[in-house]
Amino acid sequence: MPKDLAARAGELRQEIQFHNYRYHVLASPLISDAQFDELINELREIEAAHPELITPDSPTQRVGGEPVEKFEKSRHPAPILSLGNAFNADGVRAWFERIAKLDDRVERAKFVVEPKIDGLTVVLHYENGLFTLGATRGDGEVGEVVTENLKTVKAVPLRIPIQKSEGGRMKNHPSSFSPPPMLVVRGEAFIPPEKFEAMNARLAAAGARTFVNPRNTAAGALRQLDPKLTAARPITLLCYAIVEMENGSIPTQWETLEYLRALGFPVTDVAKRFDSLDKAIAYCEAWVDKRDRLDYETDGMVIKIDDLALAAELGVVGKDPRGAIAFKFPAREVTTKLLDIGINVGRTGVLTPTALLEPVEIGGVTVKQATLHNFDYIAEKDIRLGDTILLKRAGDVIPYVVGPLPDARTGKEKVYKPPKKCPTCGEAVEQFEGEVAYYCVNAACPDQLMRNVEHFVAVMDMEGFGTRISEQVVAEKLVKDIADVFSITGEQLLKLEGFAEKKAQNLLASIEAGKSRPLAQLISALGIHGVGYVMSGDLAVHFGSLDALRKATVDQLQDVEGVGPSTAEAVVEWFARPGNKKVLDKLKKAGVWPKAEPKPKGATAGFLAGKTFVITGTLPTLSRDDARKLIQDAGGKVTDNVSKKTDYLVVGEAAGSKLEKARSLGVATVDEAGLKRMIGGK
Ligand code: IVH
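What counts, and at which threshold
Residues numbered from 1 in each chain as written. Predicted model: local features only at pLDDT ≥ 70, side-chain atom pairs only at ≥ 80, totals over all residues. Heavy atoms only, no water. Near = heavy atom within 4 Å. Polar contact = N/O pair within 3.5 Å; in protein donor to acceptor, adjacent residues only side chain to side chain. Areas by Shrake-Rupley, 256 points an atom, 1.4 Å probe, with all protein chains shown as cover. Helix = DSSP H or I, 4+ residues; strand = E, 2+ residues; numbered from the N terminus. Salt bridge = Lys/Arg side-chain N within 4 Å of Asp/Glu carboxyl O. Buried < 20%, exposed > 50% of the residue type's maximum accessible area, 1.4 Å probe, protein only. Core = buried A, V, L, I, M, F, W, Y, C linked by side-chain atoms within 4.5 Å. Contact = heavy atoms within 4.5 Å. Phe/Tyr/Trp six-rings, centres within 6.5 Å; stacked < 30°, edge-to-face > 60°. Pairing = 2+ DSSP bridges. Axes fitted to C-alpha atoms, helices over the stretch in contact; angles between N-to-C directions. Left-handed = near helix turned anticlockwise from the far one by under 90°. Nonpolar A, V, L, I, M, F, W, Y, C, P; charged D, E, K, R; others polar. Expected span 1.5 Å × (residues − 1). Arc of directions from axis to C-beta.

This part is about the site of the ligand. Around the ligand there are 14 residues in total, and Glu114, Lys116, Thr121, Glu188 and Lys304 lie nearest to it. At 2.9 Å, a side-chain N or O of Lys116 approaches an oxygen atom of the ligand. A distance of 2.9 Å is found between a nitrogen atom of the ligand and a side-chain nitrogen or oxygen belonging to Lys304. Compared with its free state, where it exposes 530 Å², the ligand has 85% of that area covered by protein. It is strand β3 (residues 111-117) that provides the largest number of residues to the shell around the ligand, a total of four residues.

To continue, consider the pattern of salt bridges. The final tally for this structure, using the stated rule, is 36 salt bridges. Put simply, Arg159 and Asp57 hold a salt bridge, and the shortest N to O gap is 2.6 Å. Of this pair, Arg159 sits in the loop between α4 (147-151) and β7 (164-166) while Asp57 sits in the loop between α2 (33-49) and β1 (73-75); the two residues are 102 residues apart in sequence, bridging distant segments of the chain. The residue Lys304 makes a salt bridge to Glu114 at a minimum N-O spacing of 2.9 Å. With a gap of 190 residues between them, Lys304 in strand β12 (residues 298-305) and Glu114 in strand β3 connect regions that are remote in the sequence. Just as Lys304 is buried, Glu114 falls in that class too. Three or more residues are tied together by salt bridges with common partners; here these are Glu194, Asp295, Arg624 and Lys658.

Looking now at the nonpolar core. Residues Phe456, Phe465, Leu539, Leu546 and Leu587 are the most contacted members of the largest nonpolar core, which totals 52 residues. At the level of elements, α12 (446-459), α13 (467-475), α15 (501-514), α16 (519-525), α17 (533-543), α18 (546-551), α20 (565-576) and α21 (578-589) are the ones that each hand at least two residues to this core. For this core, the element with the most residues is α12, which contributes six residues. Once residues lying within four places of it in the same chain are set aside, the contact partners of Leu587 are Phe456, Ala483, Phe486, Leu522, Leu526, Val592 and Trp593.

Throughout the structure, instances matching the rule amount to 13 aromatic pairs. Ring geometry for Tyr126 versus Phe265: centroids 5.2 Å apart, planes at 90°, classification edge-to-face. Taken together, the residues span a long stretch of sequence, with Tyr126 in strand β4 (residues 120-127) and Phe265 in the loop between α8 (253-263) and β11 (272-274) at a distance of 139 residues. This pair shows no difference in class: Tyr126 is buried, exactly as Phe265 is. Ring centres of Tyr283 and Trp287 lie 6.4 Å apart, and the angle between their planes is 85°; on these two criteria the pair is classed as edge-to-face. Here the residue Tyr283 and the residue Trp287 both occupy positions in helix α9 (residues 277-288), the gap between them amounting to four residues, near one helical turn.

Along the chain, the position of Asp484 falls in the loop between α13 and α14 (490-494). At a separation of 2.7 Å, a polar atom in the side chain of Asp484 contacts the main-chain amide nitrogen of Lys480. Separated by 2.7 Å, the side chains of Asp484 and Lys586 make a polar contact. Asp484 has contacts with Leu478, Val479 and Lys586, leaving out every residue within four places of it along the chain.

Turning our eyes to something else, we now look at the sheet that holds strand β10 (residues 236-245). Pairing within the open sheet is antiparallel, and its four strands lie in the order β5-β4-β9-β10. Looking at which strands have only one partner, the edges of the open sheet turn out to be β5 (130-136) and β10. Here the average twist between neighbouring strands, direction ignored, is 30°. Pairing between strand β9 (residues 182-190) and β10: eight bridges, direction antiparallel. Its bridge partner lying in β10, Arg186 is registered against Ala241. Contacting β9 and β10, α8 runs over the sheet at an angle of about 115° to β10.

In contact at an axis separation of 10 Å, helix α1 (residues 3-24) and α2 are set at 145° when each is read in the N-to-C sense. For α1 against α2, the interelement crossing comes out left-handed. In this structure, α1 uses Leu5, Arg8, Ala9, Leu12, Arg13, Glu15, Ile16, His19, Asn20 and Tyr23 to contact α2, whose residues at the interface are Asp33, Phe36, Leu39, Ile40, Glu42, Leu43, Ile46 and Glu47. Looking at the contact of α1 with α2 residue by residue, the class counts come to 10 nonpolar, two polar and six charged.

Here α21 contains 12 residues, and its C-alpha end-to-end distance of 17 Å stays within 8% of the 16 Å for a straight helix at 1.5 Å per residue. Within the sequence span of α21, burial applies to Asn580, Val583, Leu584 and Leu587. Looking straight down α21, one finds that the buried residues subtend no more than 95° of arc, so they occupy a single side. Exposed residues on α21 whose side chains face more than 90 degrees from its buried face are Pro578, Lys582 and Lys589. In the segment just after α21, Gly591 is the residue with positive phi, at about 85°.

Okay, structure coming up:
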């Protein structure tokens, strides 16, 4: 076997590991996704030709091994303890007094304050730097072995310490930093609220079952017998403790965090050390109102005695170590009345139930609506109209109905039945095999049409043509399909409420401008299931015209990178539908029939070079990943948190604390259309 191939594989492994770390641990990537894919593909090719070169810590081994029948058990090297709770400053002071009586040193102690992450504990074992075993907490003494599942979590280092790279060249970290022969680390695995919402939005659009909350979803995903299922969930991790270490010890909690960080583990950057309890308490209190700024759900802060020997000597009460206490935040759970259940008809025809509530305040926000996921959820939880329900707001996500409080029933509550007819158009609804969603399959359903028009004009960048006008033109039957947008006349517009000469002229000009959008944009605007902005670009480059694309077979479509069988089928199906054929013919007649231009990537590469972006909220047409790809392909950088270094915040619907922070720092904001304009180079 050629020696240089082995060397190259080693080099690639290290480089990929490093860029994985930049992306998933530091949230500050140095290369684009495409560049990353190139590296991993090169390594895969070498390993495929020379399987003997595959190492257990190769990044190609993250895909997850074979499914297991059941989980093995593993005894933790030391008990995985819990935490006592305090619900306010007095509770914390009472804790301090209790332990100060046990040991004089407590009076002079320093404290480390960390966020209390609402996830689930995992225990990670490293032997000579190699990740060899990962377990759940279990009963605190014995956990379940979920090593293969944890390997799919990109924030879990497969080898420590992380090797640093400078200017793209690999540089070994000082060798004094060799890992201990055995290190067992404790962390908390979780799904970031934003990723959770994006995942649910995708599932809902596909008619699949959505998840109820991030914590249970993460717990369920880590306990899947098939690691591929774990890999499909956006789980990440933060580490905060050493359970066991051979040949050495770390004297303080503060240094533990620093040491873990230096090894390459993900560690919170919110932790602080204080020399007095009052300062520690003040820091906890300051986070009560800022908790939504974090990328994870927190149910409080943890105050820990910094001196780990002292903390250990203080001992344990039950399962709670005396050396630390949780400062709990007020729970964001309230009860209110379910007045009614509303139904939304999405662009794809999916009907989704929404709880219409007696307005209630929860964590400083007044809530009138909450998600009910799907009709099965209502039945499973036996949620009835008029019920008193428990409502929860977790992280920065849309509040959800946890369930009813049956004891509060008066007998007047009514069992809810899913609609048999679409609430908008009155046509029968259908449920497809394998999907939980109910669909309105009437393509002419005004709600669906409205959403399609709304999507079409947004993607086609028709300025001034928003939701309200989409509603008007559909309601007045000026538009019966998306192609009709191009035949709207000034006369028709002037008859609509709120339209005067000027506004009508401006809108017509926007519509006219929409006629000359590039092919990729038009494909994306058609709203084909699973075909986003990035894939549309690839389809445009590959097929060159709508004439070619509409004739493509499932096989031909799958020749395009990123197009899998189900998307290929969706595309073929879309073009085969008679209504859509009519739309295409109309578009052609209206002269909206662009030819492919050079790949947008090449044309705009480097346009955003040196610019750092953060994305927040739900964008009208781009998924998070699509937006990230677009920015990266144009040379920009995408990070997770707004700071002074952020150049632009890309703002979508329901943008929360990041928008606030951007405003307070004076960071520029753009919406999706603005982003597309920037990338278009305008
Ligand atoms: S320390 C001796 N620190 O909260 C160590 N726990 O309610 C005791 N948790 O079981 C735990 N973030 O799963 C600690 N920064 C943090 C934490 C944390 C989350 C979890 C942990 C624990 C639970 C107790």
